[in-house]
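The chain contents come next:
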Number of protein chains: 2
Amino acid sequence: MKLSTRGRYGLKAMFDLALNFGEGPISLTSIAERQAISVNYLEQLISPLRKANLVESVRGAQGGYMLAKSPENITVGVILTTLEGPLAPTDCVVVDGDDEVCDHSSYCVTKVIYEKIYESITSVVNSITLQHMIDDYHSNQESMIITSICECK
Amino acid sequence: MKLSTRGRYGLKAMFDLALNFGEGPISLTSIAERQAISVNYLEQLISPLRKANLVESVRGAQGGYMLAKSPENITVGVILTTLEGPLAPTDCVVVDGDDEVCDHSSYCVTKVIYEKIYESITSVVNSITLQHMIDDYHSNQESMIITSICECK
DNA sequence: TTAATCCCTAGTCAATTACTAAGAAATCAG
DNA sequence: CTGATTTCTTAGTAATTGACTAGGGATTAA
């Protein structure tokens, strides 16, 4: 039930972009340095975020990335699901339409539980935006050691 | 963010034991058959459940397992955490006391989010007992195909 | 005594994770 | 125009984890 580095690093990167929102393209190199992530790896994470229209890219020298929307319009939920897939405890709760993972899917006592877990997770992450994180960051900034955020390994 | 087979199979097995609560020891072989799980594998899952005092065992022929408490006193949460460890999206939210996973742990914008996720998950699973599952099962039994429950792979 | 059962440990195979590496394409500055 | 900078893409790889299989010892009812 752990988040992988994809989601964690991706969220860190998006938060970094949010802090620099409106200041033109930010290079991956600078994000990678601030957040202590490998550039090559970060490139692989930013790619799906771009394809999901969460960030825009500017190629070439002095290029970089910027949020495609304002921070209050990007939720933690959409970031994490873009990078990790559905935040569900089982596959059976996210079957889309035809293909049933369950044989006897009419009713399942455990599936009900997994659905409740799924709903509670999505409810939390969908209610938090990057703007919330920025506000949180600014109101607690004095108690932070550095600009960066926790590894949360 | 997926549950492994350990948690899913373990919950199935515990539900099976709950359905047979008060009827003496139930053999792993019979549980394994009903729930379509390998006996050898199930043995490895029941072991931690026994050490956590959730089930009691009777050795020898006609032996088996039974719940150590009544179904309303065993939550889904304790079963899943026994088999999967803490249902947390990151390790940093479950550090116990001294050993800090975070360097700059004074405040962390992402940790706050992971803590909220953790809390919402534990809140759900700790509120559901095996008795709830039994009640749910009985009130929907007619719409179930077989006695067993969904694979939820 | 035998069959059934719990109990424990070791090994194995496949998939996933977390990267590293490298090179092509685009673009800005000089 | 050229070169440095940056995005973009794909391939490879090492370590870990997951999901078992296998086998043998201990215990006990019949």
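Look a little higher up for the structure.
Residues numbered from 1 in each chain as written. Chains lettered and ligands numbered in written order. Predicted model: local features only at pLDDT ≥ 70, side-chain atom pairs only at ≥ 80, totals over all residues. Heavy atoms only, no water.

Q: Looking at this model, I keep getting lost on the overall build of chain A. Mind explaining?
A: The helix and strand inventory of chain A stands at six helices and two strands. Each helix and strand of chain A, placed in order from N terminus to C terminus, yields the pattern α-α-α-β-β-α-α-α. The proportion of buried residues among the 153 residues of chain A is 50%. Sequence separation of 24 or more characterises 68% of the internal contacts of chain A that already satisfy a separation of 6 or more. Only carbon and sulfur atoms are counted for the fraction: they give 46% of the accessible area of chain A, which is about 6,900 Å². (Helix = DSSP H or I, 4+ residues; strand = E, 2+ residues; numbered from the N terminus. Buried < 20%, exposed > 50% of the residue type's maximum accessible area, 1.4 Å probe, protein only. Contact = heavy atoms within 4.5 Å. Areas by Shrake-Rupley, 256 points an atom, 1.4 Å probe, with all protein chains shown as cover.)

Q: What should I look at first to understand the packing of aromatic side chains in this one?
A: Each aromatic ring pair is summarised here by two numbers: the centre-to-centre distance and the angle between the ring planes. All names here are of chain B. Using the criterion set out here, one finds four aromatic pairs over all chains in the structure. Here the aromatic rings of Y9 and Y41 are separated by 5.9 Å at their centres, their planes lie at 85 degrees, and the arrangement is edge-to-face. In this pair, Y9 sits in helix α1 (residues 5-19) while Y41 sits in helix α3 (residues 39-51), placing the two residues 32 residues apart along the sequence. Overall, the relative accessible area of 10% leaves Y9 in the buried class. Note on F15 and Y137: the rings are 5.5 Å apart at their centroids and 75 degrees apart in plane angle, and the pair reads as edge-to-face. Residue F15 is located in helix α1, and its partner Y137 is located in helix α6 (residues 130-139); the two are separated by 122 residues in the primary sequence. For the pair formed by F15 and Y137, the shared burial category is buried. (Phe/Tyr/Trp six-rings, centres within 6.5 Å; stacked < 30°, edge-to-face > 60°.)

Q: Sorry, what's going on with unusual backbone geometry here?
A: Negative phi values dominate among residues other than glycine, just as trans dominates among peptide bonds. Residue and element names in this part refer to chain B. Look at A36: it is not a glycine, yet its phi comes out positive at around 55 degrees. Checked against the element boundaries, A36 lands in the loop between α2 (28-35) and α3. Judged by relative accessible area, which is 54%, A36 ranks as exposed. With a phi close to 60 degrees, N53 is a non-glycine residue in the positive phi region. For N53, the position within the fold is in the loop between α3 and β1 (55-58). On the basis of relative accessible area, N53 is assigned to the exposed category, the value being 53%.

Q: Help me understand the protein's contact with DNA strand D in this model?
A: Every one of the 26 residues lining DNA strand D counts as a neighbour, but L28, R50, S57 and Y65 of chain A together with Q44 of chain B are closest to it. Within 4 Å of the protein, atoms of DNA strand D come from sugar and phosphate in 61% of cases. One nitrogen or oxygen atom from the side chain of R59 of chain A is found 3.3 Å from a base oxygen belonging to DNA strand D. Here a base oxygen of DNA strand D and a backbone polar atom of A61 of chain B are 3.3 Å apart. A total of four residues in the surface near DNA strand D trace back to one element, the largest contributor, which is helix α3 (residues 39-51) of chain A. Its residues assigned to classes, the surface near DNA strand D comprises seven nonpolar, 14 polar and five charged. (Near = heavy atom within 4 Å. Polar contact = N/O pair within 3.5 Å; in protein donor to acceptor, adjacent residues only side chain to side chain. Nonpolar A, V, L, I, M, F, W, Y, C, P; charged D, E, K, R; others polar.)

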